Amino acid sequence: MGLRLIGKSIKLAMRSRRRFIVFTLMYTVLMAWMASNFETFFYKEGDPTENEWLMLGISIVSTLILSILYAWIVINYRKREIATLKCIGYTNANIRTIIIGELMWVTFVAFVLVAEVLIHITAAITYFYSQAANFPGLEEYHQITRPLLSIWPITITLAMFIVAQVLGITAMYAKILKLRPIVALRVLK
Amino acid sequence: MPEVMIKLENVQKEFRLRGNIIRALADVNLTINAGEFVIIMGPTGCGKTTLLNVMSGLDLPDDGTVIVDGEKIERATEERLSNIRRRKIGFVFQDFNLVENLTAIENVEAVLWPGVLRSKEIEDRAIAALRKVDLLDRKDNLPKELSGGEKQRTAIARAIIHKPRILFADEPTGNLDNEAARQIMELLKQLNKEMGTTMCIVTHDKGLVKYGNRLVEMEHGKVVKS
């Protein structure tokens, strides 16, 4: 039952195209940014600077704000739809499953995009490094072997995003509970 | 003796509007039997929609007793009301209230998605419901591709897919032209006969009275004729 509702929520997310594309792109950019901040923390030599702490903090707070904003938009744009679903027998838990499904799907797609883009950028950089020896003045780059992003920063970023989604939906759950099915009966002007 | 489907005893409901107390339902007593086709009429603000909301568990009364198909609902939790609606009640709205991003058949199926039925069975039931309302050929269309009458027929298919005991409709023809309104009422009448579903239709259109087999008239929150 839960799985079916999650499947349908993915379908609903994909069909609200504009919202889906905008938020997926925003999540992708934010994810890449946060992952590169974590990369700096994990692999740079010496203590992180004040500026690096600040950047990491901003990327985490931005993720939280975006997650709450997305949940808020999904619930607000769909007030009438949620009320109608309640009228036809959906429980609050059913509605929550649908919203979580949509949020998690956007996170997953953004993660795949980040991974996909990183693979291509890494491949391009690797190619550049491999060729650097042939160009006068660029020989030193031939020695660089460090990847663009390592597995741990990406994994931690994904985990952070999932936590942010859970927090986002928790913050908005009160709105779902408060929404009365009677709203569906209001006539649209 | 006929089976009682809905029973209201001394039901009261008040609203507060800009500091004034409005008595939407004043000591309403009403019994609706299984299989009846009830038309609830009255002027604007007489309390007919409030009556429908209270009977269907969308709103709770301030006082009195509401029994729907043997279950007392006046103090029920939202979880229990959802459960009753899912098993026993179908809704048809004036604005159709279809989910814009779902096709006609998906809108109908949506009622059963949270349940335990297999997907194939849900699809079969949705097809049967759409066939009943003569809309099978438009099953893959989105609501925006359907006319008002077709949207309302989709909404009716959605309301009957789970074979409810009672179907509530609030001004179901309010947004339709005369011909579409006639077709919708004929369809509801036919479903009432074929499936034995108890129908409660709220309207202010006197032309619809002929479709019902019982008229309930309201004025100032009271049932004046039933």
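Residues numbered from 1 in each chain as written. Chains lettered and ligands numbered in written order. Predicted model: local features only at pLDDT ≥ 70, side-chain atom pairs only at ≥ 80, totals over all residues. Heavy atoms only, no water.

*Asks:* Got a sec to walk through the sheet that holds strand β6 (residues 89-92) of chain B? Specific residues and values, please.
*Replies:* All names here are of chain B. Here we have 6 strands laid out as an open sheet, ordered β6-β7-β8-β3-β9-β10, and mixed in their pairing. With one partner strand each, in any of the chains shown, β6 and β10 (222-225) form the two edges of the open sheet. Within this sheet the neighbouring strands show an average axis-to-axis angle of 25 degrees, counted without direction. Relative to strand β9 (residues 214-219), strand β3 (residues 37-41) is paired through 4 bridges, and the arrangement is parallel. For I39, the partnering residue across the bridge sits in β9 and is L215. In the packing of helix α2 (residues 78-88) onto the sheet, contacts are made with β6 and β7 (166-170), and the angle to β6 comes to roughly 80 degrees. (Pairing = 2+ DSSP bridges. Helix = DSSP H or I, 4+ residues; strand = E, 2+ residues; numbered from the N terminus. Axes fitted to C-alpha atoms, helices over the stretch in contact; angles between N-to-C directions. Contact = heavy atoms within 4.5 Å.)

*Asks:* Tell me about the environment of L142 of chain B, residues and numbers included.
*Replies:* Residue and element names in this part refer to chain B. Mapped onto the fold, L142 is located in the loop between α4 (119-132) and α5 (148-160). Given the relative accessible area of 21%, L142 is considered partly exposed. Separated by 131 residues in sequence, L142 and V11 have C-alpha atoms that sit 41 Å apart. Sequence-distant contacts of L142, defined by excluding residues within four places in its chain, comprise E100, N101, L102 and T103. (Buried < 20%, exposed > 50% of the residue type's maximum accessible area, 1.4 Å probe, protein only.)

*Asks:* For the pairing of strand β8 (residues 198-202) of chain B, give the residues involved together with the corresponding values.
*Replies:* Residues and elements named next belong to chain B. Among the 5 residues of β8, 5 are classified as buried, and the element is accordingly described as predominantly covered. The two faces of β8 match: T198, C200 and V202 on one face and M199 and I201 on the other face are all buried. In terms of strand pairing, β3 meets β8 through 4 bridges, oriented parallel. The residue of β8 that forms the bridge with I39 is I201.

*Asks:* Tell me about the interface of chain B and chain A, and name the residues and values.
*Replies:* In this complex, chain B contributes 31 residues to the contact, which on the side of chain A involves 28 residues. Interface of chain B and chain A: buried area, both sides summed, is about 2,700 Å²; carbon and sulfur atoms make up 53% of it. On the chain B side of the contact with chain A, N101, W113 and P114 of chain B bury the most area, a combined 23% of that side's loss. Viewed at the interface, chain A and chain B are joined by 5 salt bridges. Across the pair E78 of chain B and K86 of chain A runs a salt bridge, and its minimum N-O distance is 3.5 Å. Linking chain B to chain A there are 15 residue pairs in polar contact (both at pLDDT 80 or more). Listed by contribution, the elements that provide at least two residues to the side of chain B that touches chain A are α2 and α4 of chain B. The greatest single-element share of the side of chain B that touches chain A, amounting to 5 residues, is contributed by α2 of chain B. Among the residues forming the side of chain B that touches chain A, the class breakdown is 13 nonpolar, 8 polar and 10 charged. (Buried area = accessible area lost by both parts, 1.4 Å probe. Salt bridge = Lys/Arg side-chain N within 4 Å of Asp/Glu carboxyl O. Polar contact = N/O pair within 3.5 Å; in protein donor to acceptor, adjacent residues only side chain to side chain. Nonpolar A, V, L, I, M, F, W, Y, C, P; charged D, E, K, R; others polar.)

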